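Structural overview
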Amino acid sequence: GQQVMQIPQYQHVQEGEDFTTYCNSSTTLSNIQWYKQRPGGHPVFLIQLVKSGEVKKQKRLTFQFGEAKKNSSLHITATQTTDVGTYFCAGEHRDSGTYKYIFGTGTRLKVLA
Amino acid sequence: DTEVTQTPKHLVMGMTNKKSLKCEQHMGHRAMYWYKQKAKKPPELMFVYSYEKLSINESVPSRFSPECPNSSLLNLHLHALQPEDSALYLCASSRPTTVAGANVLTFGAGSRLTVL
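Residues numbered from 1 in each chain as written. Chains lettered and ligands numbered in written order. Predicted model: local features only at pLDDT ≥ 70, side-chain atom pairs only at ≥ 80, totals over all residues. Heavy atoms only, no water.

Some points on the sheet that holds strand 8 (residues 73–79) of chain B
Residues and elements named next belong to chain B.
- Strand order in this open sheet of 4 strands is 1-3-8-7, and the pairing throughout is antiparallel. Sheet topology places strand 1 (4–7) and strand 7 (64–70) at the edges, where each strand pairs with a single neighbour. Neighbour to neighbour, the strand axes of the sheet diverge by 20° on average, direction disregarded. (Pairing = 2+ DSSP bridges. Helix = DSSP H or I, 4+ residues; strand = E, 2+ residues; numbered from the N terminus. Axes fitted to C-alpha atoms, helices over the stretch in contact; angles between N-to-C directions.)

Let's talk about the interface of chain B and chain A
- Taken together, the 27 residues of chain B in the interface contact 23 residues of chain A.
- Roughly 1900 Å² of surface becomes buried between chain B and chain A when both sides are summed, with 59% attributable to carbon and sulfur atoms.
- Across the chain B-chain A interface, the total number found is 1 salt bridge.
- The partner of Lys100(A) in a salt bridge is Glu58(B), with the nearest N and O atoms 3.1 Å apart.
- For the interface between chain B and chain A, the tally reads 6 residue pairs in polar contact (both at pLDDT 80 or more).
- At the level of secondary structure, the elements contributing two or more residues to the side of chain B that touches chain A comprise strand 4 (31–37), strand 5 (44–50), strand 6 (53–57) and strand 9 (87–94) of chain B. (Contact = heavy atoms within 4.5 Å. Buried area = accessible area lost by both parts, 1.4 Å probe. Salt bridge = Lys/Arg side-chain N within 4 Å of Asp/Glu carboxyl O. Polar contact = N/O pair within 3.5 Å; in protein donor to acceptor, adjacent residues only side chain to side chain.)

Observations concerning the environment of Ile7(A)
- Relative to the assigned elements, Ile7(A) resides in strand 1 (residues 4–7).
- Not counting the four nearest positions on each side in its chain, Ile7(A) is found in contact with Thr21(A), Tyr22(A) and Thr107(A).

Things to note about the packing of aromatic side chains
- A full pass over the atoms with the stated rule returns 11 aromatic pairs over all chains.
- Ring geometry for Tyr35(A) versus Phe107(B): centroids 6.0 Å apart, planes at 90°, classification edge-to-face. Highlighted residues: Tyr35(A) in strand 4 (residues 32–37) and Phe107(B) in strand 10 (residues 106–107), drawn from two different chains.
- Ring geometry for Phe64(B) and Tyr89(B): centres 5.8 Å apart, planes at 35°, overall tilted. Here the residue Phe64(B) occupies a position in strand 7, and Tyr89(B) occupies one in strand 9, the gap between them amounting to 25 residues.
- You can call Phe64(B) buried: its relative accessible area is 5%.
- Under the relative-accessibility criterion, Tyr89(B) is labelled buried at 0%. (Phe/Tyr/Trp six-rings, centres within 6.5 Å; stacked < 30°, edge-to-face > 60°. Buried < 20%, exposed > 50% of the residue type's maximum accessible area, 1.4 Å probe, protein only.)

Some thoughts on the sheet that holds strand 3 (residues 19–25) of chain A
All names here are of chain A.
- As summarised here, the arrangement of the 5 strands in space is 1-3-8-7-6, forming an open sheet in which the pairing is antiparallel. The sheet is open, and its two borders are formed by strand 1 and strand 6 (55–58), each paired with just one other strand. Going across the sheet, the axis of each strand differs from the next one's by a mean of 15°, ignoring polarity.
- Where strand 7 (residues 61–65) meets strand 8 (residues 71–76), 5 bridges bridge the pair, whose relative direction is antiparallel. Counterpart to Phe65 in the pairing with strand 8 is Ser72.

Some remarks on the nonpolar core
- Counting 22 residues, the largest nonpolar core has Trp34(B), Phe64(B), Leu76(B) and Leu78(B) as its most contacted members.
- Excluding residues that lie within four positions of it along the chain, Leu76(B) makes contacts with Lys19(B), Ser20(B), Leu21(B), Trp34(B), Met46(B), Phe47(B), Phe64(B), Ser65(B), Pro66(B) and Tyr89(B).
- In terms of nonpolar packing, the next biggest core, distinct from the first, is built from 20 residues, Leu46(A), Cys89(A), Ile102(A) and Leu109(A) among them. (Core = buried A, V, L, I, M, F, W, Y, C linked by side-chain atoms within 4.5 Å.)

Quick look at the state of the cysteines
- The full count for this structure, using the stated rule, is 2 disulfides over all chains.
- Disulfide partner of Cys23(A): Cys89(A), at an S-S distance of 2.0 Å. With the S-S dihedral at roughly 80°, the linkage between Cys23(A) and Cys89(A) falls on the right-handed side. Of this pair, Cys23(A) sits in strand 3 while Cys89(A) sits in strand 9 (residues 85–95); the two residues are 66 residues apart in sequence, bridging distant segments of the chain.
- Each sulfur of the disulfide joining Cys23(B) and Cys91(B) lies 1.9 Å from the other. In this structure the cystine formed by Cys23(B) and Cys91(B) twists about its S-S bond by roughly -70°; its chirality is therefore left-handed. With Cys23(B) in strand 3 (residues 18–25) and Cys91(B) in strand 9, this pair connects stretches of sequence that are 68 residues apart.
- By relative accessible area, Cys91(B) is classed as buried at 0%.
- Its sulfur unpaired, Cys68(B) is 9.2 Å from the next cysteine sulfur, which belongs to Cys91(B).
- Taking the relative accessible area as the measure of exposure, Cys68(B) reaches 13% and is therefore buried. (Disulfide = S-S within 2.5 Å.)

The following block contains the structure:
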């Protein structure tokens, strides 16, 4: 079946340091989404990448979709304590005419003040 | 505030009980989803409804029974659950699932289920 792995599983950084999480799919994806889940909260949509090699920025966050559309990355510059949470990528897969999202294993980020 | 409302927020039930989780959205979305999330794990897809019809069942045990009475409501009926079914159950909605790249998921806050 479809698998989406993320590394690292955990990351502790000092406030102000950069952070990157990598997402790898076992199959080619039509697009990929990123979600953030704060501790005790629910996943919240951040961004969607559709094109091969696409790069998108949201303030301190930079998202990239690989050329082969099988991997993606999220980079946060100068982390802040508000960045704490688990970051999930989610790959879109077609299943009998319906599109569904398979979540990656997630990267849990802790930011030390 | 989330635009997808789930009730109850917390539920404790015995293995012989019958209970239901409810989900409501008023964004005009025509696709609704149930996900199960165990602690420190990613959300795991259970069911997808598209235009009120069940379109995906990810081989979920029959003790979980979904229902979509109308385009705004989604229920998950629970019966004869096991302690290992204890988890956070997340409802989500999106625009229809038949177009690639069109389906941004909006999640509810979840129902935390404990099975004794």
